[in-house]
Amino acid sequence: MKKTSFFILALAISFGFGFACKTMITKQPNESFKRVTGIGGIFFKCKDPKAMREWYKTHLGLVTNQYGAVFEWRQGADTTKKGFTQWSPFNEKTKYFEPSTKDYMINYRVENLVALVAALKAEGVTIADEIETVEYGKFVHIIDVEGNKVELWEPNDVEYDKMGKKMGSVTTK
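Residues numbered from 1 in each chain as written. Predicted model: local features only at pLDDT ≥ 70, side-chain atom pairs only at ≥ 80, totals over all residues. Heavy atoms only, no water.

Quick word on the overall build of the chain
Spelled out, the test is: Runs of E in the DSSP output that reach at least two residues are strands. Runs of H or I that reach at least four are helices, and both are numbered from the N terminus. In this scheme, a residue with accessible area under 20% of its type's maximum is buried, one over 50% is exposed, and one in between is partly exposed, where area comes from a 1.4 Å probe on protein chains only. Contacts are assigned to residue pairs that have any heavy atoms within 4.5 Å of one another. With residues, only the protein chains shown are counted as cover, and all accessible areas are computed by Shrake-Rupley using a 1.4 Å probe.
Secondary structure assignment for the chain yields four helices and nine strands. Helices (α) and strands (β) of the chain occur, in sequence order from the N terminus, as α-β-α-β-β-β-β-α-β-β-β-β-α. The buried share of the chain, taken over its 173 residues, is 32%. In the chain, once contacts between residues fewer than 6 apart in sequence are set aside, the share between residues at least 24 apart is 60%. Total accessible area computed for the chain in this model is approximately 11500 Å², and 60% of it derives from carbon and sulfur atoms.

With respect to the environment of Lys47
Considering the arrangement of structural elements, one finds Lys47 in the loop between β1 (36-46) and α2 (49-60). Aside from chain neighbours lying at most four places away, what touches Lys47 is Asn91 and Glu92.

Some points on the nonpolar core
Going by this rule: Each nonpolar core is a collection of buried residues, namely Ala, Val, Leu, Ile, Met, Phe, Trp, Tyr and Cys, held together in the definition by side-chain atoms within 4.5 Å.
With eleven residues, the main nonpolar core is built from Phe33, Val110, Leu113, Leu116, Val117, Ala119, Leu120, Val140, Ile142, Val150 and Leu152. Broken down by secondary-structure element, the contributors of at least two residues to this core are α3 (113-122), β8 (137-143) and β9 (149-155). It is α3 that provides the largest number of residues to this core, a total of five residues. Those residues in contact with Leu152, other than ones at most four positions away along the chain, are Tyr108, Val110, Leu113, Leu116, Leu120, Lys138, Phe139, Val140 and Ile142.

Quick notes on the side chain of Ser100
Defined as follows: Two N or O atoms count as a polar contact when they lie within 3.5 Å, although within protein this holds only if one can serve as hydrogen donor and the other as acceptor, and sequence-adjacent residues are included solely when both atoms are side-chain atoms.
Along the chain, Ser100 turns up in the loop between β4 (82-91) and β5 (104-110). Accessibility expressed as a relative area gives 4% for Ser100, which makes it buried. Polar contacts involving the side chain of Ser100 include one to the main-chain amide nitrogen of Lys102, which spans 3.1 Å. Contact partners of Ser100, with chain neighbours within four places excluded, come to Gly147, Asn148 and Lys149.

Remarks on the environment of Asn107
Turning to its location among the elements, Asn107 is positioned in strand β5. Overall, Asn107 belongs to the buried group, its relative accessible area being 2%. In this structure, the C-alpha to C-alpha distance between Asn107 and Val150, residues 43 residues apart in sequence, is 6.2 Å.

Digging into the packing of aromatic side chains
Rule in force here: For this analysis, a ring pair means two rings from Phe, Tyr or Trp (six-membered ring only for Trp) whose centres lie within 6.5 Å, classed as stacked if their planes differ by under 30 degrees, edge-to-face if by over 60, and tilted for the remaining angles. In this scheme, Lys NZ or Arg CZ marks a charge over a ring once it lies within 6 Å of the ring centre and within 35 degrees of the ring normal.
A full pass over the atoms with the stated rule returns twelve aromatic pairs. The cationic tip of Arg109 hangs over the ring face of Trp153; the distance from NZ or CZ to the ring centre is 5.4 Å.

See the structure below:
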């Protein structure tokens, strides 16, 4: 009985010590910021983007413009703030999705792009380009485990909304 109790106690201490050491020497991801907070856009290749926009406008009621359609919604964390998701058909010959050979690309909304890119680099994720800053947010592209190009966007929704209004763009709500 004493041998069994001692063995169980020694095993538990060894396990706890091993877990504690692994935690101390393994770099933990920075979780002081959110990573993906939503879908920022759906982009896909097609033969005739203009015809595609018209079809979706006519048959599914999307309010389209020269770039596709913008869906407006309220942010879950703060319903006083607007959020936007872009839907865009691209010409099938676009190079924008490269180096991916897929016919689509997803844009994810993120909270802190600089911190996220630093964390992704530390995790060995391929960063395809440099962070680009425009008035309506920051962008960067990464490559996922299957070679898909993924766009990350830290949005400035207030400026995005202003830009849409200047263009006379109406959102799909």
